[in-house]
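# An overview of the molecular structure
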Amino acid sequence: MAMSFDTPTNTTHRPWPVPAGPWVMTQTWHNLLFAHWPCPPEVLRPLIPEGVELDTFEGQAWVGIIAFRMTGIRLHGCPLVPLFNQFAEINVRTYVTLDNKPGVYFLSLDADNPPAITIARSWFHLAYRHARIRFEMYGDTVSFESKRNEQGQLAAYFAGTYRPVAEARKSVPGTLENWLTERYCFYAANNHGQLYCGEVHHEQWPLQPAQADITSNTMALSHGIQLPPTQPLLHYAHHVKALVWSAHRLRLQPEQAMERAY
């Protein structure tokens, strides 16, 4: 009998083994836009927490804005709960590494599901923000609009449409698109500066070249990042199902903290 995805069997694309312990949550990500811009490393370094290093590709740092919808959210061993099992999201992220383990660092994650946001903040220490999001499909075109509406947070707005323009394929190791997307952990810090790492697993991304008409975008600007006046690198992915493990606190060696401080 074939094993379900809930017990990962296809892991050859991963740079390290799947965690030994049980996953805590599963979710499926749909209709993703990966929009990436190059950014000077000196702009991003002050925005990442102590304990991790900014990751670069051939000396260049990158900022990603990722828009998508999420469904099928459930805890391990539990049924779907209507209030929690789906929402739309847009996140701003960059790329970091620790002990040769590359991951994602989320500067912000805007979503339109308050109960799910509360859980994600406390369990995974992620910088979720409340937003009003409109997600609509017209054939193969996504219309996405997000407006942050959380008191005390800087305004952030995104509006645009996007669609795939070619067939899906898996990225090749060593390429920029693989470096940007094939990452299987995230790093996060809480309000006390304590560093956490969360593990994820999914099949390799089925990436498609994409076309986007972004009419408004202040997501990165809300973090003080001025995006360059160039066309972003665009990819689309139809969907992947993901498993997520609990975020665990990292115990940094004193020399690691000293290196990061300088």
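Check the entry above for the structure.
Positions within a chain are numbered from 1, following the residues in the order the chain's sequence is written. Note on the predicted model: pLDDT of at least 70 is required for a residue's local features to be given, and 80 or more for side-chain atom pairs to be given and counted; whole-chain, interface and lining totals, by contrast, use all residues. The side-chain figures draw on all heavy atoms in the structure; neither hydrogens nor water molecules are used.

### Structural notes on the pattern of salt bridges
Quick note on the threshold: Salt bridges are defined as contacts in which a side-chain nitrogen from Lys or Arg sits within 4 Å of a carboxyl oxygen from Asp or Glu. Strands here are runs of E lasting at least two residues and helices are runs of H or I lasting at least four, both read from the DSSP assignment and numbered beginning at the N terminus. When accessible area is computed with a 1.4 Å probe and restricted to protein chains, residues below 20% of their type maximum are described as buried, those above 50% as exposed, and intermediate ones as partly exposed.
This model, assessed by the stated rule, comprises 7 salt bridges. Here D55 and R183 are joined by a salt bridge, their closest N and O atoms 3.0 Å apart. Of this pair, D55 sits in the loop between strand 2 (53–54) and strand 3 (61–75) while R183 is found in the loop between helix 3 (176–181) and strand 9 (185–189), placing the two residues 128 residues apart along the sequence. The salt bridge partner of R134 is E145, with a shortest N-O separation of 3.4 Å. On the criterion of sequence distance, the pair formed by R134 in strand 6 (residues 128–138) and E145 in strand 7 (residues 141–148) is long-range, its members being 11 residues apart. Given a relative accessible area of 30%, R134 falls into the partly exposed group.

### Thoughts on the environment of I73
With respect to the helices, strands and loops of the structure, I73 is situated in strand 3. Considered as a pair, I73 and H201 are 128 residues apart in the sequence and their alpha carbons are 14 Å apart.

### A word on the pairing of strand 1 (residues 25–39)
Just so we agree on the cut-off: At least two bridges found by DSSP between two strands is the condition for calling them paired.
Burial analysis of strand 1 places 14 of its 15 residues in the buried class, the great majority of the element. Strand direction decides the pairing type here: strand 1 and strand 3, joined by 12 bridges, are antiparallel. Note on strand 3: the bridge partner recorded for H30 is R69.

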